[in-house]
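# Fold and contact review
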Amino acid sequence: MSLLLALAMTPPPEPIFACSFGAKQLVVAEAGGSLIYRYGTATKTELRLVANAASNRVFYHRTLYPRAEDQTLRFVNGEYNYVVYAHWTAPSAGMTEEASTSESHYGGLIVMRGEREVASYRCSRGGDMREWPIFKTLPTDETNMTPPE
């Protein structure tokens, strides 16, 4: 079998995170022990970053709360940081109707230059992030950068 045929038959990596901001899309996928960050339109990639645990260019954070969690992946590209975030809250069934809440989730992207936020985007579609085995291999961010709802 030729190499081109083998590559053509290889399924695309499964997204770890995917969301859209209107015409723009953000997808983070795992391939070969690395995370691939892709931002752009469906037909044109504007920024592509590939990082793994050894590169020291991608960091993971997870905060667990009672019935909720925040997760971030922070990609470092020179003086810029691209923080992909996801928040999830489980539905609660209170003792009264007023105390019950529905499930909620949101995700997005924060772009930072040094310590300064230069852009922030909330997903209009998508924005879920599950915990993946590769996350356990990544250096940990001490700070939760998930913005409040």
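Residues numbered from 1 in each chain as written. Predicted model: local features only at pLDDT ≥ 70, side-chain atom pairs only at ≥ 80, totals over all residues. Heavy atoms only, no water.

## Examining the nonpolar core
- With 28 residues, the main nonpolar core has Tyr37, Leu73, Phe75 and Val84 as its most contacted residues.
- Of all the secondary structure elements, the ones that give two or more residues to this core are β1 (15-21), β2 (24-31), β3 (34-40), β4 (45-51), β5 (58-65), β6 (68-77), β7 (80-89) and β8 (104-113).
- Sorting elements by how many residues they give to this core places β1 first, with four residues.
- Those residues within four positions of Tyr37 in sequence are excluded, and the remaining contacts are Leu26, Val27, Val28, Leu47, Arg48, Leu49, Phe75, Tyr82, Val84 and Leu109.
- Core analysis: the next-biggest nonpolar cluster, separate from the first, contains five residues, Val83, Tyr85, Tyr106 and Ile110 among them. (Core = buried A, V, L, I, M, F, W, Y, C linked by side-chain atoms within 4.5 Å. Buried < 20%, exposed > 50% of the residue type's maximum accessible area, 1.4 Å probe, protein only. Helix = DSSP H or I, 4+ residues; strand = E, 2+ residues; numbered from the N terminus. Contact = heavy atoms within 4.5 Å.)

## A few points about the pattern of salt bridges
- One pass over the structure, following the stated rule, counts six salt bridges.
- Between Arg62 and Glu131 there is a salt bridge, and its shortest N-O distance comes to 2.3 Å. Of this pair, Arg62 sits in strand β5 while Glu131 sits in the segment after β10 (125-129), and the two are 69 residues apart along the sequence.
- Connected through shared salt-bridge partners, Arg62, Glu69, Glu131 and Lys136 make up one network. (Salt bridge = Lys/Arg side-chain N within 4 Å of Asp/Glu carboxyl O.)

## Description of the side chain of His87
- Its place among the elements puts His87 in strand β7.
- Using a relative accessible area of 12% as the deciding quantity, one classes His87 as buried.
- With residues near it in sequence (within four places) discarded, His87 still touches Ala68, Glu69, Asp70, Ser104, His105, Tyr106 and Thr146.

## As for the confidence of the model for the protein
- When pLDDT is averaged along the protein, the result is 88, and 86% of the positions lie at 70 or above.
- Within the model, pLDDT remains below 50 along residues 1-7, and this stretch shows two contacts once partners closer than five positions in the same chain are excluded. (pLDDT = per-residue confidence, 0-100.)

## A look at the environment of Tyr121
- Here Tyr121 shows up in strand β9 (residues 116-122).
- Sequence separation between Tyr121 and Gly108 is 13 residues, and the spatial gap between their C-alpha atoms is 5.5 Å.
- Apart from residues lying up to four places away in sequence, Tyr121 is in contact with Phe21, Tyr39, Tyr85, Gly107, Gly108, Leu109 and Val111.

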